[in-house]
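# Observations on the model geometry
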Amino acid sequence: MLLLAVLLASAGCAALLQRDQARQRDAFETQARIAHRLLSQQAVQHEAMLATLALLQGPGGASDDAEQRLPAIFPSVLRVSRREPGQAWPTPPGNADPQALSDAEQRSQRSGRAELVTPDAAQFSAGRFVIVQASQSAAVAVQIDLARMVPRSEWIDHLGAPPQPLRMALQVDGGPAWALPMNDGQRVGDQQATAQGGWSFDFRKHLAAASQPFELVVMWQSGWAAWPWAALLIWTLASIGAVLGGWRLRRNWLAQAEQRRRAEEQLRFGQVARLNALGELAAGMAHELNQPLTAVLASTQTATRLLADDPPELGTAQLAMQRAVAQARRASEVLQRLRRVVQPSGPGDDAGPLRLADAVRRALDLLADELARQQVTPQLALPATLQVAADPVALEQILHNLLSNALHALAQVPAPQRSLALQATHSGASVELRITDHGPGVPADLQPHLFEPFVTTRDGGLGLGLSLCETLAASMGARLHFEPAQPRGAVFVLSLPAASDTDTATDPVPPQPR
């Protein structure tokens, strides 16, 4: 049961964690894509700004005013430089390497769009880079501050506050990387992740601007605190409760099935007892009626012979007497047939070796509910190896009747005084089983007639149970007698033939599944 609860709780928790992991991954990827879109928009804006400056280059210096106003309009622009045809760069923007600046300008002339001046590690780690746009009239270079590409307010508006800070960085292919500042202005690269354990997610994608081939790297460590501990606890408790509830339901079902089995067994024994009692009753009635009917038959036959000597006018009387004889014979045949039908067959033919202790425990098991109701605990002294030669069904019926009588007697005394003992001893060729109850006992005037039909101490009883038990015992070579118990109560002694040592004992009745 414990293992089942653990397995059920583990499976449910695993499903909850998997679902929570998918939820957190979706939230992370949503924020990472928003960050990628914001940075890509700024990068495309840089390209558009340079393209506009290149178009404004030419006679009249129309671009001078625009170049001076750009840093005020775009916070990410630190400096704008221009190189006229045939001249050198007045001051390399961002202290860029002249050769790298020249290479980027040549690439821009070939591609017709802005190109990135390959940054060195020191420059890019400071969060700055330079892009160049070449045209027929002049070349324009702009130095960009990565930290100002997306204002802090926009990060908060678009990303909000995740459960754990996103760790974002821009990386040049095969080159240096720069960590983007978080909402509080600190750079992720300057601190260690504060979350431990939990789920770890990462996102990598290049910005949508060819002139700025940076790869956005986003990482998120959810931490143990982000796990759905409340849901996990609820599921675990629910799993334990479900298993315990199922166990209780199964236990109750088994108990009900056991009660039904015992009730069916008791009903079966009651039906057998009633049939046997009816058979004995019918046999007794047939025996009692057969004698007067035989006398009637003899009398009518004599009358017929006497009447035959009378004057011939008495022929009608003779015919009537013959009909009476025929009806009397028919009645006798009917009663004899009834006796043969209802008289129980002798169970001695089915006698075989069996363990007496098993038969007793089987009978007690059928009466377990009554024993518990009366708070009676039988005291057993039954050697486990003791075997008797008896018919299993007949022996079990005798024991059932005797124990039922004992419980009925014990019900008439207070619960603390109720006592039931079963003791078996082996003496020579017989085994003696003593069933002792300390109930009110049997009145002295009824003791000599106790095994006669219709003699009973119960109100409403038929008085056939003990008579039937004696008949069944005699049919398999056993004896049943009564002894008064001291200081009060009754002792019924059942003497059974002992089984030989070479016989193999069997169960008295095939056990029913529980």
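Residues numbered from 1 in each chain as written. Predicted model: local features only at pLDDT ≥ 70, side-chain atom pairs only at ≥ 80, totals over all residues. Heavy atoms only, no water.

As recorded by an unreviewed UniProt entry, the protein carries the name histidine kinase and is attributed to Leptothrix cholodnii. Its UniProt record, at the heading Catalytic activity (unreviewed entry), says of the protein: "ATP + protein L-histidine = ADP + protein N-phospho-L-histidine." (UniProt positions renumbered as here; feature names shortened; annotations may be inferred.)

Attention shifts here to the overall build of the protein. Along the protein, the regular secondary structure elements total 11 helices and 15 strands. Each of the 514 residues in the protein was classed as buried or not, and the buried ones make up 38%. Carbon and sulfur atoms make up 56% of the accessible area of the protein, which totals about 27900 Å². (Helix = DSSP H or I, 4+ residues; strand = E, 2+ residues; numbered from the N terminus. Buried < 20%, exposed > 50% of the residue type's maximum accessible area, 1.4 Å probe, protein only. Areas by Shrake-Rupley, 256 points an atom, 1.4 Å probe, with all protein chains shown as cover.)

Core analysis: the biggest nonpolar cluster contains 45 residues, and Leu356, Leu395, Leu420, Phe492 and Leu496 have the highest contact counts within it. For this core, the secondary structure elements donating two or more residues are helix H8 (356–366), strand E11 (387–390), helix H10 (392–410), strand E12 (420–427), strand E13 (430–437), helix H11 (465–475), strand E14 (479–484) and strand E15 (490–497). Looking at this core element by element, the count peaks at nine residues for H10. Counting residues in each nonpolar core, the second largest holds 42 residues, with Ala35, Val80, Leu180 and Leu207 among its members. (Core = buried A, V, L, I, M, F, W, Y, C linked by side-chain atoms within 4.5 Å.)

Okay, H8 next. In an α-helix there are 3.6 residues to a turn, and that puts residues three or four apart on one side. Most of H8 is tucked away: nine of the 11 residues are buried. Turning to H8, its buried residues number three or more, namely Leu356, Ala357, Ala359, Val360, Arg362, Ala363, Leu364, Asp365 and Leu366.

Let us now look at the UniProt feature "transmembrane region" (unreviewed entry) in the protein. Mapped onto the present numbering, the UniProt feature "transmembrane region" (unreviewed entry) falls on residues 226–247. Annotated as residues 226–247, this span is 86% helix and 0% strand, and its ends, taken at the C-alpha atoms, are 35 Å apart.

Moving on, we come to the sheet that holds strand E5 (residues 167–172). Overall, antiparallel pairing links the four strands, which are arranged E6-E5-E8-E7 in an open sheet. Each end of this open sheet is capped by a strand with a single partner; those strands are strand E6 (177–179) and strand E7 (200–206). Across the sheet, the axes of successive neighbouring strands diverge by a mean angle of 20°, strand direction being ignored. With three bridges joining them, E5 and E6 adopt antiparallel strand pairing. Within E6, the residue paired with Gln171 across the bridge is Ala177. (Pairing = 2+ DSSP bridges. Axes fitted to C-alpha atoms, helices over the stretch in contact; angles between N-to-C directions.)

Attention now moves to the packing of aromatic side chains. Counted by the stated rule, this structure contains seven aromatic pairs. With centroids separated by 5.0 Å and ring planes inclined at 80°, the aromatic side chains of Phe129 and Phe214 adopt a geometry described as edge-to-face. Of this pair, Phe129 sits in strand E3 (residues 128–134) while Phe214 sits in strand E8 (residues 214–221), placing them 85 residues apart in sequence. The exposure class assigned to Phe214 is buried, which follows from its relative accessible area of 0%. Pairwise contacts between aromatic rings join Phe28, Phe201 and Trp220 into one cluster. (Phe/Tyr/Trp six-rings, centres within 6.5 Å; stacked < 30°, edge-to-face > 60°.)

In this model, the protein carries an average pLDDT of 77, and 72% of its residues clear a pLDDT of 70 or more. No element of the protein has a lower mean pLDDT than helix H7 (residues 315–342), which averages 62, and none a higher one than E13, which averages 94. This model gives residues 182–194 a pLDDT under 50, and the stretch forms 26 contacts once residues within four places in sequence are excluded. Between residues 508–514, whose pLDDT stays under 50, and residues either more than four places distant or in other chains, the model counts 15 contacts. (pLDDT = per-residue confidence, 0-100. Contact = heavy atoms within 4.5 Å.)

Turning next to the sheet that holds strand E4 (residues 139–145). Here we have four strands laid out as an open sheet, ordered E1-E4-E3-E2, and antiparallel in their pairing. The outermost strands of the open sheet, each flanked by one partner alone, are strand E1 (77–83) and strand E2 (115–117). Within the sheet, the average angular offset between the axes of one strand and its neighbour, ignoring direction, is 25°. In the sheet, E3 pairs with E4 via seven bridges, with the strands oriented antiparallel. Of the residues in E4, the one forming a bridge with Arg128 is Asp145. Across the sheet, helix H1 (residues 2–56) is in contact with E1, E3 and E4; its angle to E3 comes to roughly 40°.

Each pair of packed helices gets described by two things: the angle between the helix axes and the distance between those axes. The interhelical angle for the contact between H8 and H10, taken along N-to-C directions, is 50°, at an axis separation of 9 Å. Taken as axis vectors, H8 and H10 run oblique relative to one another. At the point where H8 passes H10, the crossing takes the right-handed sense. Together, Leu356, Ala359, Val360, Arg362, Ala363, Leu364 and Leu366 of H8 and Leu395, Glu396, Leu399, His400 and Leu403 of H10 make up the contact between the two elements. A class-by-class count of the residues in the contact of H8 with H10 yields nine nonpolar, one polar and two charged. (Parallel < 35°, antiparallel > 145°, perpendicular 65-115°, else oblique. Left-handed = near helix turned anticlockwise from the far one by under 90°. Nonpolar A, V, L, I, M, F, W, Y, C, P; charged D, E, K, R; others polar.)

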